[in-house]
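# Breakdown of the fold
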Amino acid sequence: MHIVLDDTAMVAAGRGNLLASRLIHRAHAEPGWHLYAPACALVEADRARPGTAEHLAALPALTVLDLDLPAALALTADATWAQAHTRYAAAPTPERPTGAVVATADAERWKGESVRVIDLTP
């Protein structure tokens, strides 16, 4: 299972959201569970809730995804860098042929988009 946290999921995790905590725990405890934080979404989450980036980046089960050239070129597709980088990170790759699921605390943001979503709202 490959899961990409968007900025709202990161903020929710920092605030103790139970569903986000469960995803983090599973990624740490279970083989085959992978959790990703796109760098642009991490920055946006830290702006919304200072300290979030440092906290999440310290988690051993979380992989921070750099803003490489292909990701940077994808940024023009959305209103925010966080959403664009998250969408790019969730897209299929050779390592993840079916792509990844986006974990979010704002499912409406992804309505009509071509990504699968895990809604973290309680």
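## Section: the environment of Arg-15
Mapped onto the secondary structure, Arg-15 falls in the loop between α1 (7–14) and α2 (18–29). Sequence spacing of Arg-15 and Arg-49 is 34 residues, and the spatial spacing of their C-alpha atoms is 8.8 Å.

## Regarding the side chain of Gln-83
By the secondary structure assignment, Gln-83 is in helix α6 (residues 81–90). Not counting chain neighbours up to four residues away, the residues in contact with Gln-83 comprise Asp-78, Arg-109, Trp-110 and Glu-113.

## Quick word on the pattern of salt bridges
Once their charged atoms are close, side chains differing in charge can pair, the charge on each being opposite to the other. Going through the model one piece at a time under the given rule, you end up with 5 salt bridges. Of the charged contacts, one joins Arg-109 and Asp-7 as a salt bridge, the two residues approaching to 2.5 Å between their closest N and O atoms. Here Asp-7 lies in helix α1 and Arg-109 lies in the loop between β4 (101–104) and β5 (116–119), a separation of 102 residues in the sequence. Judged by relative accessible area, Arg-109 falls into the partly exposed class, the value being 23%. The closest approach of N and O atoms between Glu-44 and Arg-47, which form a salt bridge, is 3.5 Å. On the criterion of helical spacing, the pair formed by Glu-44 and Arg-47 is a turn pair, its members being 3 residues apart in helix α3 (residues 39–48).

## So, the packing of aromatic side chains
Using the criterion set out here, one finds 0 aromatic pairs in the structure. For the cation-ring pair, Arg-96 lies above Tyr-36, with the distance from its terminal atom to the ring centre recorded as 4.9 Å.

## A word on the nonpolar core
With 23 residues, the main nonpolar core has Leu-5, Met-10, Leu-35, Leu-56 and Ala-103 as its most contacted residues. Looking at this core, the elements that each hand over two or more residues are β1 (2–5), α1, α2, β2 (34–38), α3 and α4 (52–57). For Ala-103, the contacting residues outside a window of four places in its chain are Ile-3, Val-4, Leu-5, Asp-6, Ala-9, Leu-23, Ile-118 and Leu-120. Grouped together as the second largest cluster of nonpolar side chains are 9 residues, Tyr-36, Leu-65, Ala-100 and Trp-110 included.

Definitions and limits used
- Residues numbered from 1 in each chain as written.
- Predicted model: local features only at pLDDT ≥ 70, side-chain atom pairs only at ≥ 80, totals over all residues.
- Heavy atoms only, no water.
- Helix = DSSP H or I, 4+ residues; strand = E, 2+ residues; numbered from the N terminus.
- Contact = heavy atoms within 4.5 Å.
- Salt bridge = Lys/Arg side-chain N within 4 Å of Asp/Glu carboxyl O.
- Buried < 20%, exposed > 50% of the residue type's maximum accessible area, 1.4 Å probe, protein only.
- Phe/Tyr/Trp six-rings, centres within 6.5 Å; stacked < 30°, edge-to-face > 60°.
- Lys NZ or Arg CZ within 6 Å of the ring centre and 35° of its normal.
- Core = buried A, V, L, I, M, F, W, Y, C linked by side-chain atoms within 4.5 Å.

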